[in-house]
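An overview of the molecular structure
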Amino acid sequence: NKSLPIINQVIYFFISTVQAYRIAKSFKPDIIHGNIGYPGALWSWMLSKLCNIRFVITEHTLITNNFRSYFHKLLTLFGLRKASIVITVSNFSAALIQKHTGIKAHV
C-alpha cells in the first residue's frame, strides 16, 4: 500500500480544519494560538480565515527544520507572515525568522 504524501497532507488539513472550525464555532475563542511554522502556522491561518479571528504562532524549533522541500518552505514562510504575532523560544530562532521573513519575533 503506497502512501501519497501530498494527498495525505491535504486530507489531514481538511479534516483537522473542519473539526477545529466546529469546535471554534461552539465556544467562539478570541484568538487562535498555533505552534510550529509548518504545519501549525498554515493550519492556524486557514482556521483564522474561516472563523474571522486573528492568530498568533509560537515557533518552538528552527524554521529551517520545516524546509523539507521548497513547497514546505513556502508554506512555512507564508503562514508565519500571516500571523498577527510570532513568538519564539530563543533569540537565535527569532533571528532566523527575521532573516527569512523580515518579521521581528517576540522571545
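Here the structure is shown first, and the text comes after it.
The structure displayed is predicted, hence computed values, not measured ones.

Some remarks on the overall build of the chain
From N to C terminus, the chain includes four helices and three strands. Helices and strands appear in the chain in the N-to-C order α-β-α-β-α-β-α. Relative to its length of 107 residues, the chain is compact, with a C-alpha radius of gyration of 14 Å against a globular reference of 13 Å. Each principal axis of the C-alpha atoms in the chain carries an extent, and together these give about 40 × 35 × 15 Å.

Looking at the sheet that holds strand β3 (residues 85–88)
Within a sheet, neighbouring strands are paired by backbone hydrogen bonds and run either parallel or antiparallel to one another. What the three strands build is an open sheet, ordered β1-β2-β3; its pairing is parallel. Taken across any chain shown, the strands that pair with only one partner, and hence form the sheet edges, are β1 (32–35) and β3. Within this sheet the neighbouring strands show an average axis-to-axis angle of 20 degrees, counted without direction. Two elements, strand β2 (residues 55–59) and β3, share four bridges in a ladder whose sense is parallel. Paired with Val-56 across the bridge in β3 is Ile-85. Sheet strands touched by helix α2 (residues 37–51): β1 and β2. Its angle to β2, the strand with the most contacts, is close to 175 degrees. Sheet contacts for helix α4 (residues 91–101): β2 and β3; angle to β3, the most-contacted strand, approximately 140 degrees.

Thoughts on the environment of Arg-81
Considering the arrangement of structural elements, one finds Arg-81 in helix α3 (residues 70–82). In this structure, the C-alpha to C-alpha distance between Arg-81 and Ile-53, residues 28 residues apart in sequence, is 16 Å. Filtering out sequence-adjacent residues up to four positions away, Arg-81 remains in contact with His-100, Thr-101 and Ile-103.

Description of the nonpolar core
Core analysis: the biggest nonpolar cluster contains 20 residues, and Ile-57, Ile-63, Leu-80, Val-86 and Ile-97 have the highest contact counts within it. Breaking this core down by element, the ones donating at least two residues are α1 (5–27), α2, β2, α3 and α4. Filtering out sequence-adjacent residues up to four positions away, Ile-63 remains in contact with Thr-76, Leu-77, Leu-80, Leu-96, Ile-97 and His-100.

Quick look at the pairing of β1
Burial of β1 is one-sided: the residues Ile-32 and Gly-34 facing one way are buried, the residues His-33 and Asn-35 facing the other way are not. Where β1 and β2 come together, four bridges link them in parallel fashion. Directly across from Ile-32, in β2, lies its bridge partner Phe-55. Note that the unit made of β1, α2 and β2 has a crossover that is right-handed.

Reading the values: rules and limits
- Throughout this document, residue positions are counted from 1 along each chain, in the order its sequence is written.
- It should be noted that, the model being predicted, local features are given only for residues of pLDDT at least 70 and side-chain atom pairs only at 80 or more, the latter also being counted only at that level, while totals for whole chains, interfaces and linings use all residues.
- The basis for every side-chain value is the complete set of heavy atoms in the structure, and neither hydrogens nor water enter the calculation.
- Runs of H or I in DSSP of at least four residues are treated as helices and runs of E of at least two as strands, each being numbered from the N terminus.
- For a compact globule the rule gives 2.2 Å times the number of residues to the power 0.38, and the radius of gyration it is set against comes from C-alpha atoms.
- Pairing between strands is defined by DSSP: at least two bridges between the two strands are required.
- Note on method: axes are straight lines fitted to C-alpha atoms, helices fitted across the in-contact stretch only, with angles between N-to-C directions ranging 0 to 180 degrees.
- Residue contacts follow a heavy-atom distance rule, with two residues in contact if any of their heavy atoms lie within 4.5 Å.
- Remark: nonpolar core denotes a set of buried residues (Ala, Val, Leu, Ile, Met, Phe, Trp, Tyr, Cys) joined through side-chain atoms within 4.5 Å.
- Working definition: with a 1.4 Å probe on protein chains only, accessible area under 20% of the residue-type maximum means buried, over 50% means exposed, and in between means partly exposed.
- Handedness of a crossover: with both strands directed away from the viewer, a clockwise path from the first strand across the helix to the second marks it as right-handed.

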